[in-house]
Structure formats: C-alpha cells, structure tokens
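A structural walkthrough
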Amino acid sequence: MRTVQSYAVMFVLMVIMQGCAQLGVPSPESFNQKAAVAIATVTAVRTTATNLLVAKKISPEDAQQVQSGADNARAGVEIARILSKSNMAAADNKLQSVTVALNALNAYLAARSK
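In this text, all values refer to a predicted model and were calculated from it rather than measured experimentally. (Residues numbered from 1 in each chain as written. Predicted model: local features only at pLDDT ≥ 70, side-chain atom pairs only at ≥ 80, totals over all residues. Heavy atoms only, no water.)

Across its full length, the chain holds four helices and zero strands. Helices (α) and strands (β) of the chain occur, in sequence order from the N terminus, as α-α-α-α. Burial analysis of the chain (114 residues in total) assigns 31% to the buried set. A sequence separation of at least 24 residues applies to 69% of the contacts in the chain between residues at least 6 apart. (Helix = DSSP H or I, 4+ residues; strand = E, 2+ residues; numbered from the N terminus. Buried < 20%, exposed > 50% of the residue type's maximum accessible area, 1.4 Å probe, protein only. Contact = heavy atoms within 4.5 Å.)

Attention shifts here to the pattern of salt bridges. Where charged atoms of side chains with opposite charge meet at close range, the side chains can pair. For the coordinates displayed, the defined rule picks out three salt bridges. Between arginine 46 and aspartate 71 there is a salt bridge whose closest N-O contact spans 2.8 Å. Pair noted here: arginine 46 is in helix H2 (residues 31–54) and aspartate 71 is in helix H3 (residues 60–83), with a separation of 25 residues, a long-range link. In this structure arginine 46 comes out as partly exposed when scored by relative accessible area, which is 27%. (Salt bridge = Lys/Arg side-chain N within 4 Å of Asp/Glu carboxyl O.)

Phi at lysine 56 is positive, roughly 60°, even though this residue is not glycine. Take lysine 56: its relative accessible area is 75%, and that puts it in the exposed class.

By secondary structure assignment, the location of valine 100 is in helix H4 (residues 88–112). Once the C-alpha coordinates of valine 100 and alanine 73 are considered, the two residues, 27 residues apart in sequence, prove to be 9.7 Å apart.

With that settled, consider the packing of H2 against H3. At a closest axis distance of 9 Å, the pairing of H2 and H3 adopts a crossing angle of 170°. Here H2 is positioned roughly antiparallel relative to H3, judged by the angle of their axes. Crossing geometry of H2 relative to H3 is assigned as left-handed. Two secondary-structure elements touch here, H2 through Phe31, Ala35, Ala36, Ala38, Ile39, Val42, Val45, Arg46, Ala49, Thr50 and Leu53 and H3 through Pro60, Ala63, Val66, Gln67, Ala70, Asp71, Ala73, Arg74, Val77, Ala80 and Arg81. Among the residues making up the contact of H2 with H3, the classes are represented as 16 nonpolar, two polar and four charged. (Axes fitted to C-alpha atoms, helices over the stretch in contact; angles between N-to-C directions. Parallel < 35°, antiparallel > 145°, perpendicular 65-115°, else oblique. Left-handed = near helix turned anticlockwise from the far one by under 90°. Nonpolar A, V, L, I, M, F, W, Y, C, P; charged D, E, K, R; others polar.)

Between the first and last C-alpha of H4 there are 36 Å, a value that for 25 residues agrees with the 36 Å anticipated at 1.5 Å per step. The complete set of buried residues in H4 reads Ala91, Leu95, Val98, Leu102, Leu105, Asn106 and Leu109. (Expected span 1.5 Å × (residues − 1).)

The structure is reproduced here in structure tokens:
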C-alpha cells in the first residue's frame with residue numbers, strides 16, 4: 001500500500017512540475033512557489049526511494065545515494081532561499097540546478113519502479 005502511495009505522490013509532483021500549463025493550472029512562477037515544489041519533490045524522492053528499497057527494487061547502496069542526493073537538494077533549496085534575499089538571479093539559478101538534480105533522481109526512481 002505504501003508503494004502505491006509513493007507512486008501516486010511522485011506522479012502528482014511530476015504533473016505539477018511538468019504538466020501544469022497543459023492542464024490549465026498555472027505552473028509555479030514565483031521563487032517561493034518553485035521552492036515549495038522543490039521541497040515537496042525532495043519528500044517524494046525520499047519516500048519513493050524507501051519504498052523501492054523495501055520492495056527490493058533498489059539496493060541499499062542505491063537507496064543511500066538517492067537519500068544523499070535528496071539531502072543535497074534540500075540544502076540547495078535552503079541556499080537558494082538565503083540567496084533570494086540579496087541576489088534573486090543567483091537564487092533562481094541555484095533553484096534551477098536543484099530542480100535538474102531532482103528530475104534526474106525522479107527519472108532514476110521511475111526507471112527502477114518498473
């Protein structure tokens with residue numbers, strides 16, 4: 001049941017991040033909205049990795065690597081938030097790099113969940 005939940009969360013986040021405009025829902029545009037989506041994605045990545053580990057679809061080493069990547073992404077969001085107070089362009093760039101990393105983690109987990 002938890003595995004189904006994590007897949008549902010991951011699917012919802014992917015729709016939010018990639019398909020909002022197609023659904024008629026505005027994509028996150030402000031820095032704070034993008035940061036909130038990134039934090040939610042970190043949570044989804046962590047949950048999915050744990051569920052795939054329990055289902056023996058990824059190794060403990062792979063799960064640890066994903067968790068470390070999620071830790072780095074979470075730290076990156078916090079750095080971006082700090083930067084946003086003094087240099088919005090740098091904050092946006094940092095948040096964009098975090099989003100790229102999270103998308104890579106999501107792609108890996110999606111491939112392993114099949």
